[in-house]
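# Inside the fold
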Amino acid sequence: MTEKREVVWHQGEVSSAERQALPGFRHQPFVFWFTGLSGAGKSTIAFALERQLISMGIACCVLDGDNIRHGLNRDLGFSPLDRKENIRRVAEVARLMMHAGLIVITSFISPFRDDRSMARSIIGTEHFREVYLNASLDVCERRDIKGLYRKARSGEIPGFTGISSPYELPENPDITIDTSFLTIDSCVKSLLSNVRL
Ligand SMILES: Nc1ncnc2c1ncn2[C@@H]1O[C@H](COP(=O)(O)OP(=O)(O)OP(=O)(O)O)[C@@H](O)[C@H]1O
Ligand SMILES: [Mg+2]
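Presented here is a report on the structure given in the accompanying data block. Within any chain, residue numbers begin from 1 and follow the written order of that chain's sequence. Lettering of chains starts at A and numbering of ligands starts at 1, both following the order in which they are written. It should be noted that, the model being predicted, local features are given only for residues of pLDDT at least 70 and side-chain atom pairs only at 80 or more, the latter also being counted only at that level, while totals for whole chains, interfaces and linings use all residues. Only heavy atoms go into the side-chain values, all of them from the structure, while hydrogens and water stay out.

## A look at the nonpolar core
As used in this record, nonpolar core signifies buried Ala, Val, Leu, Ile, Met, Phe, Trp, Tyr and Cys residues forming a set joined through side-chain atoms within 4.5 Å. Only protein chains enter the calculation, and the probe is 1.4 Å; a residue is then buried if its accessible area is under 20% of its type maximum, exposed if over 50%, and partly exposed in between. Counting 31 residues, the largest nonpolar core has Phe-32, Phe-34, Leu-49, Leu-53, Ile-105, Val-131 and Leu-191 as its most contacted members. Beyond its immediate sequence surroundings of up to four residues, Leu-53 is in contact with Ile-58, Cys-60, Ile-103, Ile-105, Leu-192 and Leu-197. Residues Met-98, Phe-108, Met-118 and Phe-128 belong to the second largest nonpolar core, which totals 19 residues. By definition, residues are in contact when any of their heavy atoms lie within 4.5 Å.

## Let's talk about the site of ligand 1
Being near a molecule or strand, for a residue, comes down to having at least one heavy atom within 4 Å of it. Taken together, 18 residues are adjacent to ligand 1, and Ser-38, Lys-42, Thr-44, Lys-146 and Leu-182 come closest. Within the side chain of Ser-38, one N or O atom sits 2.6 Å away from an oxygen atom of ligand 1. Whenever a nitrogen or oxygen atom comes within 3.5 Å of another N or O atom, the pair is scored as a polar contact, on the condition that within protein one atom can donate a hydrogen and the other can accept it, and that pairs from neighbouring residues in sequence are kept only if both atoms are in side chains. In the environment of ligand 1, an oxygen atom lies 2.7 Å from a nitrogen or oxygen atom belonging to the side chain of Lys-42. Within the complex, 81% of the 640 Å² of free accessible area of ligand 1 lies under protein. Here, Shrake-Rupley sampling with a 1.4 Å probe gives the accessible areas, and only protein chains in the shown set may cover a residue.

## What to know about the packing of helix α2 (residues 42-55) against helix α8 (residues 184-193)
Direction vectors running N to C along α2 and α8 enclose 65°, while the axes themselves pass 10 Å from each other. Every pair of crossing elements has a handedness; the one defined by α2 and α8 is right-handed. Along the contact surface, α2 presents Thr-44, Ile-45, Ala-48, Leu-49, Gln-52 and Leu-53, while α8 presents Ile-184, Cys-187, Val-188, Leu-191 and Leu-192. A class-by-class count of the residues in the contact of α2 with α8 yields nine nonpolar, two polar and no charged. Helix axes are fitted to C-alpha atoms over the stretch in contact, other axes to C-alpha atoms as well, and angles between N-to-C directions run from 0 to 180 degrees. For helices the rule is a DSSP run of H or I covering at least 4 residues; for strands it is a run of E covering at least 2, with both sets numbered from the N terminus onward. When the near helix sits turned anticlockwise from the far one by under a right angle, the crossing is termed left-handed; a clockwise turn instead gives a right-handed crossing. Ten residues, namely Ala, Val, Leu, Ile, Met, Phe, Trp, Tyr, Cys and Pro, are considered nonpolar, four, namely Asp, Glu, Lys and Arg, are considered charged, and the remaining ones, Gly among them, are considered polar.

## Some points on α8
Within the span of α8, buried status applies to Cys-187, Val-188, Leu-191 and Leu-192. On an axial view of α8, the arc spanned by its buried residues comes to 130°, and they lie on one face. What points out from α8, more than 90 degrees from its buried face, is the exposed set Asp-185, Lys-189 and Ser-193. Looking at the buried positions of α8, the neighbouring elements they touch are β1 (31-35), α2, β4 (128-134) and β5 (175-178). The arc in question is the one spanned by the directions pointing from the helix axis to the C-beta atoms.

## Here we look at unusual backbone geometry
For residues other than glycine, phi is negative in most cases, and the peptide bonds are mostly trans. A positive phi angle, near 35°, is found at Ser-110, a position not held by glycine. You can see Ser-110 is positioned in the loop between β3 (103-107) and α5 (113-123). Positive phi, normally seen in glycine, also occurs at Asp-144, with a value near 30°. Tracing the backbone shows Asp-144 in the loop between α6 (137-143) and α7 (148-153).

## What to know about the packing of aromatic side chains
Working definition: an aromatic ring pair is given by the centre-to-centre distance plus the angle between the planes. Stacked, edge-to-face and tilted labels apply to pairs of Phe, Tyr and Trp rings (six-membered ring for Trp) whose centres lie within 6.5 Å, assigned for plane angles under 30 degrees, over 60, and everything in between, in that order. Here the structure, examined in full by the defined rule, presents six aromatic pairs. Consider the rings of Phe-32 and Phe-34, whose centres lie 6.2 Å apart with planes at 65°: the pair is edge-to-face. Charge over a ring is defined by NZ of Lys or CZ of Arg lying within 6 Å of the ring centre and within 35 degrees of the ring normal. Stacked on the ring of Phe-78, the Lys or Arg Arg-69 has its end atom at 3.8 Å from the ring centre.

## Considerations on the pairing of strand β2 (residues 60-64)
In terms of residue burial, β2 counts as a mostly covered element, since five of its five residues are buried. Residue alternation in β2 divides its side chains into two sets, Cys-60, Val-62 and Asp-64 and Cys-61 and Leu-63, and both sets are buried. A pair of strands is labelled paired if DSSP reports no fewer than 2 bridges between them. Pairing geometry for β2 and β3, over five bridges, is parallel. For Leu-63, the partnering residue across the bridge sits in β3 and is Thr-106.

## Details of helix α4 (residues 80-99)
By this rule, a helix spans an expected 1.5 Å times one less than how many residues it contains. For α4, spanning 20 residues, the distance from its first C-alpha to its last is 29 Å, which sits close to the expected 28 Å at 1.5 Å a residue. All of the buried residues in α4 are Arg-83, Asn-86, Ile-87, Arg-89, Val-90, Ala-91, Ala-94 and Met-98. Buried residues along α4 sit against β1, β2, α3 (65-68), β3 and α5. Just downstream of α4 lies Gly-101, where phi reads positive at about 110°.

## Overview of the sheet that holds β5
An order of β2-β3-β1-β4-β5 is seen for the five strands of this open sheet, with the pairing classed as parallel. Here the strands that pair on one side only, and so sit at the sheet edges, are β2 and β5. For this sheet the average axis-to-axis angle between neighbouring strands, irrespective of direction, equals 20°. Along the sheet, α2 makes contact with β1, β2, β3 and β4, crossing β2 at roughly 170°. Its contacts with the sheet put α5 on β1 and β4, and the angle it makes with β4 is roughly 150°.

Written as structure tokens, this is what we have:
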């Protein structure tokens, strides 16, 4: 591995202000960090929010857990160490995309408080909005849209969040949305009403 001292940061010339003067980029970029159980609605709301922001002419993109595990993080599993590395890489990518001027929406279970706090410090606390998609285990298990809870209960999937691996509740999320009762549309509206664009 290359020694860190031989790697020198090369500062670019374009400022954030210059980038934000471009059409479609006239907003302060930040990261919506979605967290919640499998089936809580992270992907559903993330893509619905992206749809809404794009229709408002705002540059944004989604980094979705399952999708990222098809590519960038295909080498990672679900041990606590791999989960940490999954989150670290995603936080680094989110930071790069945010600096490129995008509002970034990440949808990862991100069950461990320490990992979410690492993501916050990589991205910078002033740009980080932790969004807790709160749906009870009972609701998520009844949805079981991918059939994963059934497999986790039967022992076919070990270390499954909420069943055989913990989900550490966010202590002080910036935004909490209860997806058990609200429609997808009202969840998106509620998110938008919580941020300044
Ligand atoms: N208000 C709501 N918000 C989001 N999803 C909802 C809501 N009401 C019902 N649902 C349904 O709940 C399911 C949520 O599934 P989704 O794949 O979005 O969960 P997820 O949190 O991304 O799970 P995973 O961590 O496994 O990727 C979908 O079938 C969606 O239609
Ligand atoms: Mg998902």
